[in-house]
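Topology and contacts: notes
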2 protein chains.
Amino acid sequence: MTPDTATLDRAACEAMDRADPLAPLRDRFHLPEGMIYLDGNSLGAMPKGAAARAHEVVTREWGTDLIKSWNSAGWFDLPVRLGDKLAPLVGAAPGEVVICDSTSQNLFKVLSAAVALRPDRSVLILEGSNFPTNNYIAEGVAAATGGRVSVRLCEKDEIAGAIDADTIAVAITHVHYKSGHVHDMAAITARAHEAGALAIWDLCHSAGAMPVDLGGAGADFAVGCTYKYLNGGPGSPAFLFAAKRHQGQALQPVTGWWGHAAPFAFEPGYRPQHDIRQFLIGTQPIVSMALVETGLDIHLAADMGAIRAKSMALTDLFIRLVEARCAGHGFTLASPRDAAARGSQVSFAHAEGYPVMRALIAAGVIGDFRAPDTVRFGFTPLYTGYADVWDAVDRLVSIMDGGIWKLPEHQVRDAVT
Amino acid sequence: MTPDTATLDRAACEAMDRADPLAPLRDRFHLPEGMIYLDGNSLGAMPKGAAARAHEVVTREWGTDLIKSWNSAGWFDLPVRLGDKLAPLVGAAPGEVVICDSTSQNLFKVLSAAVALRPDRSVLILEGSNFPTNNYIAEGVAAATGGRVSVRLCEKDEIAGAIDADTIAVAITHVHYKSGHVHDMAAITARAHEAGALAIWDLCHSAGAMPVDLGGAGADFAVGCTYKYLNGGPGSPAFLFAAKRHQGQALQPVTGWWGHAAPFAFEPGYRPQHDIRQFLIGTQPIVSMALVETGLDIHLAADMGAIRAKSMALTDLFIRLVEARCAGHGFTLASPRDAAARGSQVSFAHAEGYPVMRALIAAGVIGDFRAPDTVRFGFTPLYTGYADVWDAVDRLVSIMDGGIWKLPEHQVRDAVT
């Protein structure tokens, strides 16, 4: 479908946009004029429906209906109802996903549950180069056991070999936040189960960007955020998946009233719910939570196979264009070259990565920088087009060819042709 | 200032409203037409500024500025900046309060920190009749120690006597959610310290409703919510207070990246911040969090002494009117009669409390019911007036005199004169 690099020009990219079955969904997002937003893997763009939904929740549900909205607007049920909406995007069944709290907190709950489920084992395995909060949280869970449990950090190719009879769980981020490499969820989960260990997946960089099959892989627990590819808004509540077989069996230590079997009976002692609600703690931030639905509804109108196909095409296109048109400018691909091994993002290493990204941002191409030398670009198939990729690379070429990245930030935009 | 009950009529209440220094603040809230809202102790009314603030956060900060808003709109600093705004309302110094997560989660953190600070002690003391989530959370913290720590539940008058050399901490809700009785924060804290124990206060039903002096009492930790008297919106993030002397010393187990000493250095191991930010975990729900400021700003325009004086006068007035005008209808005061011993709410026990409250709500007077027999009314001095109290009791009289509480719900409003 994609033309050869030699014959690839903006017109060819426009033709690909015209043939894109997902193109109509772009109109459901607000994208600032003149900006090419390649940071949806950090904070997803705003669905146009979000402003109206926020207004409704604030003025009608809170302002006018007040306390009645806990029932009449379904506030109490939001964590489960929205979890059920998200479930098909990650291969979960109804009743296996709940929306609540932050990813870090949800990871704390499921890691603690795993430790309790494997009381005679002592090691949690995580990826050392992962986004640090996962490893920090695991460190905290281990410390709380008074030294009985420890954390072992491995890199990608060491993980399967590290799993043994002392492993409580592997807790891996499915798509690496920096390189974008994809772990083999089915194989690692199978290897963990073979050793009697549990498999926990962090889907922050995969949920909404590619098909995920927690059920098919037999995953035990998962967590992830809703504000990246799911477009739920800044810091919108995260999600937590627990396979049905663990519900009511796995216990988590933050035993608040929303996780109680009878939250309104005000019983003196804690009894966990026997369903996914046992992972709830306390009152949720309703305005932020309600906005999650606006993003989910757009996803549910799209085909995940089409999203993945376009994601692979967009990232392939970006890599080819950067390597062809910025050859000699010092960019080294820092993501897998094989699209099947890559999430919906592309990273390049560049010795001057920080000023290059600063100049790109000043020129209206929003990616991000990860120390020490990585420029990172996320491609959100719901609202990023092929011509956007062309234009982004075009501005990068201009910045590199003209040495514009060396200019003070305020001079960049005028200098980019 | 308040006339005798015998000469008290609506005109007298209107005169009290005219003399009320807080009366102008009522206009800063949206109160639904025809409704008398006496449930601000459960969910505070909506500040009129909330809709515009939500619109700004969603459309400008998220929609247009996108990822840049973490810095340009100060999203990263919100927990501390808003904590500093809240601090004077609870007698805390700048840097002692942070806004984040839910009350239950924050209680988990500070109880866990207390357990770690007193490794050779084994008992947490809480009030047995308190709102259950506090006791559930303490149960979870104790369970996580594998039996080393246990929870002892006492009632009000037993607490001071229960504190001994094995006490880790007392963790008491300052104003009881049901009866509204106020604990003596200074005396219980002093007694705890005398025994070498810590004092933790839950301010859910006092923050914003009465002067609280955490610093003066020497409290160690505190938690509380922002969606009751502080009008932050449904499920808005809670607050956490840690006295300066404990910061960097007390450790909490949910060690996420927002609590790291260098959150953006992406270090391999966790190092806690040495200030209040050590109690943060992960990304906060920004839209819900931003709305907290709208409520706080109204509070900061009011004098807390005036709020308390009006709160005592409103609750006194309500008790006098109910007892005088509903005499013989079976209401028994279930809150302290002495206003100084009472928060900003009044509860009555009534054998038919449930249908009575249902009828009152149908008649536009919003209070709530707490099993088995308590009707509970909250009085928010910022937006509740003396004539509101008169009108609420007037409707109650009508419902009781006419036996209207026995009618089906949909017939109530027409039947209330």
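Residues numbered from 1 in each chain as written. Chains lettered and ligands numbered in written order. Predicted model: local features only at pLDDT ≥ 70, side-chain atom pairs only at ≥ 80, totals over all residues. Heavy atoms only, no water.

Details of the sheet that holds strand β15 (residues 374–378) of chain A
All names here are of chain A. Strand order in the open sheet made by the four strands is β11-β12-β15-β14, with antiparallel pairing throughout. Two strands close off the open sheet at either side, each with one partner strand: β11 (332–333) and β14 (368–370). Alignment of strand β12 (residues 345–349) against β15, held across five bridges, turns out to be antiparallel. Of the residues in β15, the one forming a bridge with F348 is V375. The strands that helix α12 (residues 353–362) touches are β14 and β15; relative to β15, the one it contacts most, it runs at about 35°. (Pairing = 2+ DSSP bridges. Helix = DSSP H or I, 4+ residues; strand = E, 2+ residues; numbered from the N terminus. Contact = heavy atoms within 4.5 Å. Axes fitted to C-alpha atoms, helices over the stretch in contact; angles between N-to-C directions.)

A closer look at the relation of the copies chain B and chain A
One chain copy maps onto the other through a rotation about an axis and a shift parallel to that axis. Its rotation angle being 180°, the transformation that places chain B on chain A also includes 0.0 Å of axial translation and leaves an RMSD of 0.0 Å. Overall, the copies show the geometry of a two-fold rotation axis. Using C-alpha coordinates, one finds that chain B approaches the rotation axis most closely at B:S288, a distance of 2.7 Å. A share of 100% of interface residues in chain B that are also interface residues in chain A marks the association as one of identical surfaces. (Least-squares fit on C-alpha atoms with pLDDT ≥ 70 in both.)

Examining helix α10 (residues 286–300) of chain A
With 15 residues, α10(A) should cover 21 Å at 1.5 Å per step; its first-to-last C-alpha distance of 22 Å lies within 8% of that length. With 13 of 15 residues buried, α10(A) lies mostly within the body of the structure. (Expected span 1.5 Å × (residues − 1). Buried < 20%, exposed > 50% of the residue type's maximum accessible area, 1.4 Å probe, protein only.)

Comments concerning the domain arrangement of chain A
Much of the literature gives interface size as the accessible area that the parts lose upon coming together. All names here are of chain A. Domain boundaries assigned for chain A yield domain 1 (5–30 + 303–415) and domain 2 (51–300). In this structure, domain 1 and domain 2 have C-alpha centres spaced 31 Å apart. In this complex, domain 1 contributes 26 residues to the contact, which on the side of domain 2 involves 19 residues. Interface area for domain 1 against domain 2, summed over the two sides, is near 1800 Å², with a carbon-plus-sulfur share of 60%. Linking domain 1 with domain 2 are zero salt bridges. (Domains from an automatic or database assignment. Buried area = accessible area lost by both parts, 1.4 Å probe. Salt bridge = Lys/Arg side-chain N within 4 Å of Asp/Glu carboxyl O.)

Remarks on the interface of chain B and chain A
At the junction of the two partners, chain B supplies 66 residues and chain A supplies 66 residues. Taken together, the connections running from chain B to chain A amount to zero salt bridges. Inspection of the region where chain B meets chain A yields 28 residue pairs in polar contact (both at pLDDT 80 or more). Those elements that provide at least two residues to the side of chain B that touches chain A are β3 (46–47), α2 (49–64), α5 (103–117), α6 (132–143) and α10 (286–300) of chain B. When residues of the side of chain B that touches chain A are assigned to their parent elements, the largest contribution, nine residues, is made by α2(B). Across the side of chain B that touches chain A, the residue classes break down as 37 nonpolar, 24 polar and five charged. (Polar contact = N/O pair within 3.5 Å; in protein donor to acceptor, adjacent residues only side chain to side chain. Nonpolar A, V, L, I, M, F, W, Y, C, P; charged D, E, K, R; others polar.)

Thoughts on the pairing of strand β15 (residues 374–378) of chain B
All names here are of chain B. The buried count for β15 comes to five of five residues, which makes it a mostly enclosed element. As defined by bridge partners, strand β14 (residues 368–370) adjoins β15 across three bridges and the pair is classed as antiparallel. When the sheet's bridge partners are listed, F369 is paired in β15 with V375. As consecutive antiparallel partners, β14 and β15 are separated by three residues.

Focus on the UniProt feature "binding site: pyridoxal 5'-phosphate" (unreviewed entry) in chain A
Taking the UniProt record as the reference, the feature "binding site: pyridoxal 5'-phosphate" (unreviewed entry) is found at A:T103, A:S104, A:T173, A:D202, A:H205, A:Y227, A:W257 and A:T283. Their sequence span is 181 residues, while the largest C-alpha to C-alpha distance among them is 30.7 Å; these annotated residues do not converge on one region. By the element assignment, A:S104 lies in helix α5 (residues 103–117). Residues in contact with A:S104, not counting those within four places in the same chain, are A:T133, A:I137, B:W257, B:I281 and B:G282. A relative accessible area of 11% places A:W257 in the buried class. Setting aside its immediate chain neighbours within four residues, A:W257 contacts A:F76, A:P263, A:F264, A:I281, A:G282, A:T283, B:S104, B:F131, B:T133 and B:Y136. (UniProt positions renumbered as here; feature names shortened; annotations may be inferred.)

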